Amino acid sequence: MTPLEVVKEKKIIAIVRGLPPRHMLNLGHALEEGGVCMMEVTYNQSAPETWGDTAAAIETLAKEFGERLTVGAGTVIRPEQVRMTYDAGGRYLVTPATQPEIIRMGKALGLGLFPGAFTPTEILAAYEAGADGVKVFPASALGPSYIKAVRAPLSHIPLLAVGGINEKNAAEFLRAGCVGLGVGGSLVNKQWIADGEWDKITALAKEYVQAVQEA
């Protein structure tokens with residue numbers, strides 16, 4: 001399946017920020033066991049020296065899980081990050097804003113593209129530039145009612161809600177018309193990871209899966 005098809009079917013992308021590479025495999029297994037099968041490993045734009053570690057983490061996950069876990073990169077804003085992700089075996093790019101040159105480069109390499117946008121103008125521009133789906137960010141700033149309003153004239157554009165999504169409001173954003181959700185710290189809990197409490201992440205992943213199934 002393409003990344004967009006996986007999003008439409010599975011709904012949840014786990015966003016991983018600032019996690020030491022040694023924890024990636026355990027996290028991947030915990031999420032997979034809980035039913036979450038997409039991971040977005042983000043680049044830290046203020047620390048270029050870590051970009052290699054980010055790409056290495058993507059490569060490790062891609063080799064370990066194959067098609068069982070659809071792995072991509074987040075916070076992609078530079079062409080070299082597009083290439084690094086592709087070379088590492090990542091399957092899609094998530095960006096914080098709409099940069100047509102990044103979209104074009106990613107599409108040329110066969111990667112899925114989910115650029116960030118907020119206003120209807122930005123959402124339409126991102127989609128017409130070649131995005132598979134558009135990340136509405138920060139989604140929680142205006143809530144599900146905003147998604148529903150935007151969907152009225154732009155119902156042909158697949159939207160993902162990112163920013164402030166948790167197990168309590170996930171279903172609301174899906175009912176408003178989103179095809180998928182990006183979930184960060186509320187699921188990828190750094191304290192649980194540091195303490196090795198992988199069972200808690202698995203249990204919470206199951207709560208998210210249940211919430212989206214009920215939606």
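As a reminder, the structure under discussion sits directly above these lines.
> Before we go on, may I ask you to explain the packing of helix 4 (residues 79-88) against helix 5 (residues 100-108) in this structure?
Two quantities define a packed helix pair, namely the angle between the helix axes and the distance between the axes. As a packed pair, helix 4 and helix 5 sit with axes 10 Å apart at the nearest point and diverge in direction by 20°. With respect to their mutual orientation, helix 4 and helix 5 come out roughly parallel. Seen along the crossing, helix 4 lies across helix 5 with a hand that is right-handed. Taking contact as the criterion, the partners of P79, V82 and R83 in helix 4 are, on helix 5, I102, M105 and G106. Its residues assigned to classes, the contact of helix 4 with helix 5 shows 4 nonpolar, 1 polar and 1 charged.

> Help me understand unusual backbone geometry, please; the structure alone is not making it clear to me.
Peptide bonds are mostly trans, and most non-glycine residues show a negative phi. Note that the residue after F137, namely P138, is joined by a cis bond; omega there is -5°. Within the secondary structure, P138 sits in the loop between strand 7 (134-136) and helix 7 (144-151). Even without a glycine there, the phi angle at K11 is positive, about 80°. Position of K11 relative to the elements: it lies in the loop between helix 1 (3-10) and strand 1 (12-16).

> Could you clarify how one ought to interpret the packing of helix 2 (residues 24-34) against helix 10 (residues 198-214) in this entry?
Contact geometry of helix 2 with helix 10 gives a least axis separation of 7 Å together with a crossing angle of 40°. Accordingly, the angle class assigned to the pair helix 2 and helix 10 is oblique. Taken as a pair, helix 2 and helix 10 cross one another with a handedness that is right-handed. Two secondary-structure elements touch here, helix 2 through N26, L27, A30, L31, E33 and G34 and helix 10 through W198, I201, T202, A205, K206 and V209. Among the residues making up the contact of helix 2 with helix 10, the classes are represented as 7 nonpolar, 3 polar and 2 charged.

> Where do I start with the pattern of salt bridges in this structure?
One side chain can pair with another of opposite charge once the charged atoms of both are near each other. All chains considered together, the criterion is met by 8 salt bridges. Here D87 makes a salt bridge to R83, at a shortest N to O gap of 3.7 Å. Taken together, the residues span about one helical turn, with D87 and R83 both in helix 4 at a distance of 4 residues.

Quick notes on the rules
Residues numbered from 1 in each chain as written. Predicted model: local features only at pLDDT ≥ 70, side-chain atom pairs only at ≥ 80, totals over all residues. Heavy atoms only, no water. Axes fitted to C-alpha atoms, helices over the stretch in contact; angles between N-to-C directions. Helix = DSSP H or I, 4+ residues; strand = E, 2+ residues; numbered from the N terminus. Parallel < 35°, antiparallel > 145°, perpendicular 65-115°, else oblique. Left-handed = near helix turned anticlockwise from the far one by under 90°. Contact = heavy atoms within 4.5 Å. Nonpolar A, V, L, I, M, F, W, Y, C, P; charged D, E, K, R; others polar. Salt bridge = Lys/Arg side-chain N within 4 Å of Asp/Glu carboxyl O.

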